[in-house]
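# Coordinates in review
Chain by chain, the residues:
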Amino acid sequence: MCGVAVTRRPDLWAAVLPRAPLLDLIGGIRDPYLEFVLRKAWGNPDVREDVQRLRTLSPYELARPQQYPAIYIQAGANDPRCRPWQARKFAARVQAAQRGAAPVLLHVFENAGHGAGTSDEVHAAQDTEWLAFLAGTLGLRAT
């Protein structure tokens, strides 16, 4: 949802922080697991109307040259559900499309999976970076 929000209405956000995101619904069809998920949740990639609808919901397809807010994307190198290529591909497209000064950053964590597939230590590092980016972007300071 973060990817859809930032590509459709970037003006509404100061920062957007997708974690373990699914960002390319059309490209995801080429991945066996994601094809299964996409068919169940969003539609049949063999039906033209369903593909057109997927295109309107796919952040990768929605990204275009415009001013984006600060974006920090996190992915796990070993995530079998939201594979890191999704985050890498989207980050590259939005970086190329960025017309503003805000950063578009990506961190793919090694030894990180999806939820239970990630150690407590890596979870703590992910949370720390995520919160630090958000606090810094919003200008929040510890008192």
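First things first, this report covers the structure right here in the doc. (Residues numbered from 1 in each chain as written. Predicted model: local features only at pLDDT ≥ 70, side-chain atom pairs only at ≥ 80, totals over all residues. Heavy atoms only, no water.)

## A few points about the nonpolar core
Core analysis: the biggest nonpolar cluster contains 15 residues, and Val6, Ala63, Tyr68, Ile71, Ile73, Phe90 and Val94 have the highest contact counts within it. Contributions of two or more residues to this core are made by strand E2 (70–76), helix H5 (84–97) and strand E3 (104–109). It is H5 that provides the largest number of residues to this core, a total of 5 residues. Ignoring sequence-local partners within four residues, the contact set of Ile73 consists of Pro18, Pro21, Ala87, Phe90, Ala91, Leu105, Leu106 and His107. Counting residues in each nonpolar core, the second largest holds 8 residues, with Leu17, Ala70, Phe109 and Ala112 among its members. (Core = buried A, V, L, I, M, F, W, Y, C linked by side-chain atoms within 4.5 Å. Buried < 20%, exposed > 50% of the residue type's maximum accessible area, 1.4 Å probe, protein only. Helix = DSSP H or I, 4+ residues; strand = E, 2+ residues; numbered from the N terminus. Contact = heavy atoms within 4.5 Å.)

## Digging into the pairing of E3
As judged from the 6 bridges shared by E2 and E3, these two strands associate in the parallel manner. Within E3, the residue paired with Ile71 across the bridge is Val104. (Pairing = 2+ DSSP bridges.)

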